[in-house]
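Given next are the chains, with one letter for each unit.
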Amino acid sequence: MDLWLGVDCGGTFIKAGIYDSQGKEYGNCRRNLPVISTQPGRAERDLTVLWHACAEVIAGAIKSSTVSAGDIKGVGISAQGKGLFLLDKNKKPLGNGILSSDQRALEIVKQWQQQQIPQQLYPLTRQTLWTGHPVSILRWLKAHEPQRYAQIGSVLMSHDYLRYCLTGRIACEETNISESNLYNMQTGQYDRELAKLLDIEEIFTALPPVIGSSQIAGYITPEAAELTGLKEGTAVVGGLFDVVSTALCAGLDDETKLNAVMGTWSVVSGITAHIDDSQNLPFVYGRHAQQGEFIVHEASPTSAANLEWFVQQWGINDYNAINDLVASLPKAESSVLFIPFLYGSNAGLGMQAGFYGLQSLHGKAHLLQAIYEGVIFSLMSHVDRMLQRFPNTTLLRVTGGPAKSAVWLQILADLSGLAVEVPQIEETGCLGAALMAMTGLKVFDDSKQAQQIVAAGVIRIEPDSAAYDKYQAKYKKYKLLLESLSHFNNHCND
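Residues numbered from 1 in each chain as written. Predicted model: local features only at pLDDT ≥ 70, side-chain atom pairs only at ≥ 80, totals over all residues. Heavy atoms only, no water.

The protein carries the name Xylulose kinase in an unreviewed UniProt entry, which gives Chelonobacter oris as its organism. Here the protein is described in UniProt, under the heading Sequence similarities (unreviewed entry), as follows: "Belongs to the FGGY kinase family." (UniProt positions renumbered as here; feature names shortened; annotations may be inferred.)

And the structure:
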């Protein structure tokens, strides 16, 4: 039996799953990944802890499967994008990894905005510029930790680091590094002029070779084999940016479907074969796993992590009870609004979270309903913009934790007026990564062919037309509140 292992390294969990060439799962394992936050706006991860957690979930998946490690022919890794994971010149971890939700570079990004740097970058990179980009963090390190900056030997993202731990080989995978603002989307290569424009030109020599998603990047080392239980010499492929992985598993194959990911981040993605220069908005493009295609997406850390924070504070752990509480209230009739910006914003740099509209009659159910609605309102702002780029969209495919909540999904369908479908795949990140391993080992010719095996059944939720106007009215109030808070935020920062 030939099997394939996929690892998914996200903002909250790291997971591993084992699959055959038909997409059947044979075992899985997950571990929580702690976030280190020593100062406001900081979000880091201990690299040694990350590697050992990765080794543990791989070993756990093998143990849970009862299959032989020798049956696993290839490994792929899907991971959260952006952020910065550094090795020194001796190929050792250089401090903690810095996550994409980190905001330490806020003032640098504001300065770049004042200098019109994003507008100069966009025609070449097809990226916006914000605090979680590798370039923003690198520029902050140069200014505030020059000794650490001078020791940088390799600039990596999280799955690049984990692949290095597995294989001892250093490279940057294309779907992820293409969104770093160091990669020229026109040439398909790093661009020294980009680094020079951002005043980090000296980092250019620390940029590893770029490899494809399904390209074999190396092989399991003896040390990694001992920790993970994998067989020494097992092939490891480049892997994927996790939004690409979920888009594959959500069945995105033309411009009539969008994938909404609701996890730590809200992400809305579409697939296209061309860059549309006629658009007024600066849509973010990245390389897709399929040669010649691009993934277009909008994203912000404004999703289900807000609910996780709330339930942790008040010791709530019954999600069925939460769904029941939210469903018990009339749709969109409460005056309570929640701004889901605990971990970042999609409405302006430095915007923060909060409830508004509370009265003495409101209780826990109203707060929970406001969180559900606020997350969907924030997601909808991304959907609205993506519909300008993909006007032929007829449905949303939803993945991530909230996809398990029919109540949450119904709010999205009712607000958008679109049918919502949920692919019945437990771990899209793991399976997508495993598909790249299958493609790299020639089970499939390309990612389009690999994608066909995940054409699984979906649960479909139709919009409630009677609730559409109510949600649109409350969504309008949400946007007005954001506008007012933006003025307040700007005044406070003057």
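(A) Spotlight on the UniProt feature "domain: Carbohydrate kinase FGGY N-terminal" (unreviewed entry) in the protein. Taking the UniProt record as the reference, the feature "domain: Carbohydrate kinase FGGY N-terminal" (unreviewed entry) is found at residues 3-249. Strand forms 24% of residues 3-249 and helix 36%; the C-alpha atoms that close the span are 18 Å apart. (Helix = DSSP H or I, 4+ residues; strand = E, 2+ residues; numbered from the N terminus.)

(B) A look at the side chain of Gln 451. By secondary structure assignment, the location of Gln 451 is in helix α16 (residues 447-451). Gln 451 sits in the buried class, given a relative accessible area of 6%. A distance of 3.1 Å separates the side chain of Gln 451 from the backbone oxygen of Leu 248, its partner in a polar contact. Beyond its immediate sequence surroundings of up to four residues, Gln 451 is in contact with Ala 247, Leu 248, Gly 251, Leu 252 and Asp 253. (Buried < 20%, exposed > 50% of the residue type's maximum accessible area, 1.4 Å probe, protein only. Polar contact = N/O pair within 3.5 Å; in protein donor to acceptor, adjacent residues only side chain to side chain. Contact = heavy atoms within 4.5 Å.)

(C) Main features of the sheet that holds strand β23 (residues 419-423). Spatially, β18-β19-β17-β16-β22-β23-β24 is the arrangement adopted by the seven strands of the open sheet, whose pairing is mixed. Because the sheet does not close on itself, it has two edges, and the strands there are β18 (284-287) and β24 (458-461). Averaged over all pairs of adjacent strands, the angle between their axes in this sheet comes to 30 degrees, without regard to strand direction. Bridging between strand β16 (residues 257-262) and strand β17 (residues 266-272) involves four bridges; their strand directions are antiparallel. Within β17, the residue paired with Val 261 across the bridge is Val 267. The sheet strands contacting helix α13 (residues 364-389) are β16, β17, β18 and β19 (294-300), and the helix crosses β17 at an angle near 15 degrees. (Pairing = 2+ DSSP bridges. Axes fitted to C-alpha atoms, helices over the stretch in contact; angles between N-to-C directions.)

(D) The arrangement of the UniProt feature "domain: Carbohydrate kinase FGGY C-terminal" (unreviewed entry) in the protein in detail. With numbering matched to this structure, UniProt assigns "domain: Carbohydrate kinase FGGY C-terminal" (unreviewed entry) to residues 258-439. For residues 258-439, the end-to-end C-alpha separation is 24 Å, with 37% helix and 21% strand making up the annotated structure.

(E) Geometry of the domain arrangement of the protein. One can read the domain layout of the protein as domain 1 (3-238) and domain 2 (251-493). Placing a centre on the C-alpha atoms of domain 1 and another on those of domain 2 gives a separation of 24 Å. Across the boundary between the two partners, domain 1 contributes 50 residues, which contact 36 residues of domain 2. Here domain 1 and domain 2 share an interface that buries about 3,100 Å² over both sides, 64% of which is from carbon and sulfur atoms. Linking domain 1 with domain 2 are three salt bridges. Put simply, Glu 427 and Arg 30 hold a salt bridge, and the shortest N to O gap is 3.2 Å. Seen at the junction of domain 1 and domain 2, the total is ten residue pairs in polar contact (both at pLDDT 80 or more). Those elements that provide at least two residues to the side of domain 1 that touches domain 2 are β1 (3-9), β2 (13-19), β5 (72-79), α2 (106-114), α3 (117-125), α7 (174-177) and β14 (235-237). Take the side of domain 1 that touches domain 2: its biggest share by element is six residues, from β5. (Domains from an automatic or database assignment. Buried area = accessible area lost by both parts, 1.4 Å probe. Salt bridge = Lys/Arg side-chain N within 4 Å of Asp/Glu carboxyl O.)

(F) Summary view of the nonpolar core. Ile 14 and Tyr 161 are the most contacted members of the largest nonpolar core, which totals 130 residues. Examining the composition of this core, we find that twelve residues originate from one element, α13, more than from any other. When we break this core down by domain, the ones giving at least three residues each are domain 1 (3-238) and domain 2 (251-493). Ignoring any residue separated from it by four or fewer positions in sequence, one finds Tyr 161 in contact with Leu 47, Thr 48, Leu 50, Trp 51, Phe 85, Leu 87, Pro 93 and Leu 156. (Core = buried A, V, L, I, M, F, W, Y, C linked by side-chain atoms within 4.5 Å.)

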